[in-house]
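Fold and contact review
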Amino acid sequence: MYIIMPSGRGGGGSGRGLARGGEGGAIRGRGRGRESGPGRVKSRESESGGIKGGSKVLVTPHRHAGVFVAKSKADALVTKNLVPGEIIYNEKRIFVQNEDRSTVEYRVWNPHRSKLADAITTGVDNIWIKPGVNVLYLGASSGYTVSHISDIVGPEGCVYAVEHSHICGKVLMNMAEKRTNVIPIIEDARHPAKYRMLVGMVDVIFSDVNQPDQSKILGLNASYFLKSGGHFMISIKANSIDSTIAAETVYQMEVEKLQMEELRPTEILHIDSCEEKHACVFGGYRLPRKQKADTAV
Amino acid sequence: MHILFETPGGFAIFKVLDEGKLSNVEDIGNEFLTAKSARKMVKLVAFDKFDNTAEALEAVAKLLEGTPSKGLRKFLKANCVGETLAVADSKLGNIIKEKLKIDCVHNNAVMELLRGVRSQLSELISGLGDKDLAPMSLGLSHSLARYKLKFSTDKVDTMIIQAIGLLDDLDKELNTYAMRVREWYGWHFPELAKIVQDNILYAKAVKLMGNRVNAAKLDFSEILADEVEAELKEAAVISMGTEVSDLDLLHIRELCDQVLSLAEYRAQLFDYLKSRMNTIAPNLSALVGELVGARLISHGGSLLNLSKQPGSTVQILGAEKALFRALKTKHATPKYGLIYHASVVCQATPKNKGKISRSLAAKVALAVRCDALGYGQDNTMGVENRLKLEARLRTLEGKDLGRLSGSAKGKPKIEVYDKDKKKGSGGLITPAKTYNTAADSLLQTPTVDSENGVKEKKDKKKKKKKADDEEEPKTEEPSKKKSKKKKTEAEPETAEEPTKKEKKKRKHEEEETEMPVKKKERSEKKKKKTEV
């Protein structure tokens, strides 16, 4: 059951408040040419986590552009499927019929599988990923989160998915074959020089590599590919860095390391709801010094 | 100073126009904030486009190893001699320096320059817009990824799944058409359908003769056996079918052609399937054979999916209906599914099929994992495991015999008296004695005892194990199954064996002439049961 609620957080940065789905009001993220208001008409949906078939499901846009919330008995975070009809990991889909009788397909995004979804449901201020941006994703694994990011950025944007493992790489490639805005790169993220000929400048870097030197990896990739004023998100698993010291200390250490690489953190979010001792750090790169850190670009 | 910049579309060389700015590393980035200032900073000197994705892949693959490709070397020689070259990779720089004598630099300033160029790439290279770069990048990345993963088109298991589907379809079609030929031609020559049983031969025969009156003149020896041919010619004369016109016969013949070509294609397809199976899943083919292996893969959806299944699932793949029915009604679940048709399981006695099927399924699961996820493809693992399985089968079969004939340690296991037991001698531990009428004969036939005694021994299932041990010097078969079979067929060798002490034999040695017949029959029946 995915409820969009604030989670009481002790310590650590700005645990943001309510992230309620934008009901009716501010209609953002029209980048995908969606029709009027929230598609409220009877939805014929296939098995959706907690949502029984046949019941009315209300799909409204989330505060973050490109993300949607499906409301019925249980709430779910969904993204609009870039390739209607295709699912990646047996995820549930929600079909919504509009007034003009066309069906829109949404895929459910599971916070237990995806750290970004977890961060969104926990209530992050700004994920910086929206329709039309270019994203570099380090540690793509089999491409679950990548597929949802690809849904969000749409055909105008681009996701460069870097994954070192061959087995995951094969699955990633299969997924990328269906989605033309995903570019699979089977390389070690420690050596961005090896994929320099494939990647252009990106607006956002998302890092989920879980390596002890992940701050350095992020810094190196940022120096190659992240535009000035761009943003990043890094997921920190305390045990991957150092399992002997307290999680808080680990997060602080990582923040300091990031700052040395010109990556300025603006938000530290503990996402303990789905996995223990995890945190996400959001921030900006080479932000213009004159303005405050949390200016959206 | 020149800059070497790699794009998915080709190699680009830029000239730095204002070298003074390079000293202040931090501000280099600012120079590239707008297209205009970027153009003041660097200028495109030359661009070497990749002709196609294949060339791009080759050049990039070489770069990743750290060596410049031929195209790159020529390009650099043409444009950069005498200048310092800024490169992104210091190793590459060293090699360029060695081979082409071009000085290369790689430092923070260079990194900033490259960043700047990358951010303004479409502006700086006039022929290459963002729209062009994106599909090139996509294509190149897929090729590169496939190259890295050593994706070879030979190892696609889709071919197998399609081929086996087609094989089944073809069989159905072939049967339908052949039936149609029989029916249609049966109007003209009904007797032929009973004379020639095989579909293909029927079609060939019809094709050859057309109208049945031609049968007498033609020679069918290539198609049919002599007796069948004779029968055919006979029947052709006295047939009760009606006459048909030439046009009709023409169509019937066309249909026969279809049947024959389909049959030929089916044979070709089967060969293709076999060769593909051996490439894609050599261990699996070695263990269960190509056909069963292909069916397993097709049932699992893909080789990778099949590799994720545990051995217990592999055992009953194909018997899902029976499985779930049994689970729901709390009955015994099926012991085998598709695996039943594997040769190892076919060879086993019905009692042992279940056990062997389980062992086989376990090994099959391992073999599939080897094939799907392993590197280095050969079938050693499959062959080894097959030998192990056959050895296990022999042990299983031997156990039954050993139990009955007694072990070295103790007495043979005596079965509990059960009057309703049908097998063997019924409820009797020793069969009932009947009067042997041969004993009435006045003429004494001296050789009867020893010969029949020997035959007796050999025919009895119980004796087989000991007999085997004795017979090893004579016969070469290692497998007991084979020797069992041999014994049913041929009356084996000479009476060299020493007389054995055996309860039955002792009692019946006298009643040889009539009894052997009865006993042989009974033991033959026994054998037939066990060898099915």
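See the structure above.
Residues numbered from 1 in each chain as written. Chains lettered and ligands numbered in written order. Predicted model: local features only at pLDDT ≥ 70, side-chain atom pairs only at ≥ 80, totals over all residues. Heavy atoms only, no water.

**Brief notes about the interface of chain A and chain B**
Between chain A and chain B, the residue contacts involve 29 residues of the former and 24 residues of the latter. With both sides pooled, the region where chain A packs onto chain B buries about 2500 Å², and carbon together with sulfur makes up 61% of that total. Contact with chain B buries area across many residues of chain A, yet Arg196, Met197 and Leu198 of chain A alone supply 29% of it, more than any other trio. Put simply, chain A and chain B have 4 salt bridges between them. Among the ionic pairs, glutamate 177 of chain A bridges to arginine 146 of chain B, the shortest N-O distance being 3.4 Å. The interface formed by chain A and chain B holds 11 residue pairs in polar contact (both at pLDDT 80 or more) in total. Listing elements by their share of the side of chain A that touches chain B, those giving two or more residues are helix H3 (166–178), strand S8 (182–185), helix H4 (214–225) and strand S10 (226–237) of chain A. Looking at the side of chain A that touches chain B, the element that brings in the most residues is H3 of chain A, giving 6 residues. When its residues are assigned to classes, the side of chain A that touches chain B shows 16 nonpolar, 6 polar and 7 charged. (Contact = heavy atoms within 4.5 Å. Buried area = accessible area lost by both parts, 1.4 Å probe. Salt bridge = Lys/Arg side-chain N within 4 Å of Asp/Glu carboxyl O. Polar contact = N/O pair within 3.5 Å; in protein donor to acceptor, adjacent residues only side chain to side chain. Helix = DSSP H or I, 4+ residues; strand = E, 2+ residues; numbered from the N terminus. Nonpolar A, V, L, I, M, F, W, Y, C, P; charged D, E, K, R; others polar.)

**What about the sheet that holds strand S1 (residues 2–7) of chain B?**
All names here are of chain B. Spatially, S3-S2-S1-S4-S5 is the arrangement adopted by the 5 strands of the open sheet, whose pairing is mixed. In the strand order of this sheet, the two ends are held by strand S3 (42–49) and strand S5 (104–105), each with one partner. Pairing between strand S2 (residues 10–16) and S3: 7 bridges, direction antiparallel. Paired with phenylalanine 14 across the strands is leucine 44, a residue of S3. In this fold helix H4 (residues 70–80) packs onto S1, S2, S3 and strand S4 (85–86), with an angle of close to 20 degrees to the strand it touches most, S2. Sheet strands touched by helix H6 (residues 108–119): S1, S2, S3, S4 and S5. Its angle to S1, the strand with the most contacts, is close to 50 degrees. (Pairing = 2+ DSSP bridges. Axes fitted to C-alpha atoms, helices over the stretch in contact; angles between N-to-C directions.)

**Topic: the packing of helix H13 (residues 246–280) of chain B against helix H15 (residues 290–300) of chain B**
Packed helices, taken two at a time, are described by their axes: the angle between them and the distance between them. All names here are of chain B. Where H13 meets H15, the axes come as close as 10 Å, and the angle between the chain directions of the two elements is 75 degrees. In terms of axis orientation, H13 runs roughly perpendicular to H15. Mapping the contact onto sequence places Phe270, Leu273, Lys274, Met277 and Asn278 in H13 and Glu290, Leu291, Gly293, Ala294 and Ile297 in H15. Within the contact of H13 with H15, the residues separate by chemical class into 6 nonpolar, 2 polar and 2 charged. (Parallel < 35°, antiparallel > 145°, perpendicular 65-115°, else oblique.)

**A short note on a negative patch on the surface**
Taken together, Asp219, Glu222, Asp226, Glu227, Glu231 and Glu234 of chain B make up a surface patch of like negative charges. Here glutamate 222 of chain B shows up in the loop between helix H11 (199–209) and helix H12 (226–237). (Patch = residues over 30% accessible without salt bridge, like charges linked within 9 Å, V, L, I, M, F, W, Y side chains within 5 Å. Areas by Shrake-Rupley, 256 points an atom, 1.4 Å probe, with all protein chains shown as cover. Lys, Arg positive; Asp, Glu negative; His and termini not counted. Charge placed at Lys NZ, Arg CZ, Asp CG, Glu CD.)

**A short note on the pattern of salt bridges**
A full pass over the atoms with the stated rule returns 23 salt bridges over all chains. Here aspartate 103 of chain B ties to lysine 97 of chain B by a salt bridge, and the two come within 3.6 Å at their closest N and O atoms. With a shortest N-O distance of 2.5 Å, arginine 266 of chain B and aspartate 171 of chain B are connected by a salt bridge. Pair noted here: arginine 266 of chain B is in helix H13 and aspartate 171 of chain B is in helix H9 (residues 158–186), with a separation of 95 residues, a long-range link. A residue is classified by how much of its surface remains accessible, and arginine 266 of chain B, at 24% relative accessible area, is partly exposed. Connected through salt bridges with shared partners, the residues Glu91, Arg107, Asp151 and Arg179 of chain A form a single ionic network. (Buried < 20%, exposed > 50% of the residue type's maximum accessible area, 1.4 Å probe, protein only.)

**Some words on the packing of aromatic side chains**
Using the criterion set out here, one finds 9 aromatic pairs over all chains in the structure. Between the aromatic rings of tyrosine 137 of chain A and phenylalanine 206 of chain A, the centroid separation amounts to 4.5 Å while the plane-to-plane angle is 25 degrees, which identifies the pairing as stacked. Here tyrosine 137 of chain A is found in strand S6 (residues 134–138), whereas its partner phenylalanine 206 of chain A is found in strand S9 (residues 202–207), with 69 residues between them in sequence. Residue phenylalanine 206 of chain A is classed as buried on the basis of its relative accessible area of 1%. Where tyrosine 185 of chain B meets phenylalanine 189 of chain B, the ring centres are 6.4 Å apart and the plane angle is 55 degrees; that geometry is what we call tilted. Here tyrosine 185 of chain B falls in the buried class, since its relative accessible area comes to 0%. (Phe/Tyr/Trp six-rings, centres within 6.5 Å; stacked < 30°, edge-to-face > 60°.)

**Regarding the sheet that holds strand S7 (residues 158–162) of chain A**
All names here are of chain A. Spatial strand order, S8-S7-S6-S9-S10-S12-S11: 7 strands in an open sheet with mixed pairing. Taken across any chain shown, the strands that pair with only one partner, and hence form the sheet edges, are S8 and strand S11 (263–270). Geometrically, the sheet is characterised by an average inter-axis angle of 15 degrees between neighbouring strands, direction not taken into account. Where helix H1 (residues 115–122) meets the sheet, it contacts S9, S10, S11 and strand S12 (278–285), and its direction lies at approximately 95 degrees from that of S10. Running over the sheet, H4 touches S6, S9, S10, S11 and S12 and is turned about 160 degrees from S10.

None of this, on its own, says anything about what the molecule does.
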